[in-house]
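Each chain is listed here by its residues.
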Amino acid sequence: MATEEGNFWWGVVVGWVLMMIINIFIPIVGPLVGGFAAGYIAKGGLWNGGMAGLVAGIIGAVIIAILILIGATAFLGGIGLLSGFVVGSLLVVSVFIVNGVLAFIGGAIGGAVAG
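Residues numbered from 1 in each chain as written. Predicted model: local features only at pLDDT ≥ 70, side-chain atom pairs only at ≥ 80, totals over all residues. Heavy atoms only, no water.

Structural notes on the overall build of the chain
Working step 1: For the chain, the count of helices and strands is 3 helices and 0 strands.
Working step 2: Counted from the first residue to the last, the chain has its helices and strands arranged as α-α-α.
Working step 3: Viewed in the frame of its principal axes, the chain has a C-alpha envelope of about 50 × 25 × 20 Å.
Working step 4: Each of the 115 residues in the chain was classed as buried or not, and the buried ones make up 37%.
Working step 5: Taking all contacts inside the chain whose residues are at least 6 apart in sequence as the whole, residues at least 24 apart take part in 70%. (Helix = DSSP H or I, 4+ residues; strand = E, 2+ residues; numbered from the N terminus. Buried < 20%, exposed > 50% of the residue type's maximum accessible area, 1.4 Å probe, protein only. Contact = heavy atoms within 4.5 Å.)

Written out as structure tokens, the structure reads:
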């Protein structure tokens, strides 16, 4: 998924890092800025930039769910594993919808600006 002008996966990693850092302070702006950075680095127009932002948002959702699962298991044992799995699954869906859509929009804008 690398284009001649940019690097898709490098854009995804940079976008994800920015998204996580900015999400701490301003939750809605984080996915937009991270998606924009991912799309700008990935280049390739609207679609490639949007996909880079979307993948960055998905990676963020999965990593958050894994951390919740590990934390719940460490603190509550077997019951924590079950509750962490349920909460993590619901969180992946909700974070994917919010972060994924916003990061896709930001990535599409970034890809259009770069391309």
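Here we look at the packing of helix 1 (residues 8-25) against helix 2 (residues 29-42)
Working step 1: One can describe the packing of helix 1 onto helix 2 by two numbers: an axis separation of 7 Å at closest approach and a directional angle of 160°. One way to sum up the angle between helix 1 and helix 2 is to call them roughly antiparallel. The way helix 1 lies across helix 2 gives a crossing that is right-handed. Of the residues in helix 2, those touching helix 1 at Phe8, Trp10, Gly11, Val12, Val14, Gly15, Leu18, Met19, Ile22 and Asn23 are Val29, Gly30, Pro31, Val33, Gly34, Gly35, Ala37, Ala38, Ile41 and Ala42. (Axes fitted to C-alpha atoms, helices over the stretch in contact; angles between N-to-C directions. Parallel < 35°, antiparallel > 145°, perpendicular 65-115°, else oblique. Left-handed = near helix turned anticlockwise from the far one by under 90°.)

What about the environment of Ala42?
Working step 1: Along the polypeptide, Ala42 turns up in helix 2.
Working step 2: Given a relative accessible area of 0%, Ala42 falls into the buried group.
Working step 3: As for Ala42 and Gly80, which are separated by 38 residues in sequence, their C-alpha atoms are 39 Å apart.

Concerning unusual backbone geometry
Working step 1: Located in the positive-phi region is Lys43, a residue other than glycine, with phi close to 55°.
Working step 2: Here Lys43 lies in the loop between helix 2 and helix 3 (45-114).

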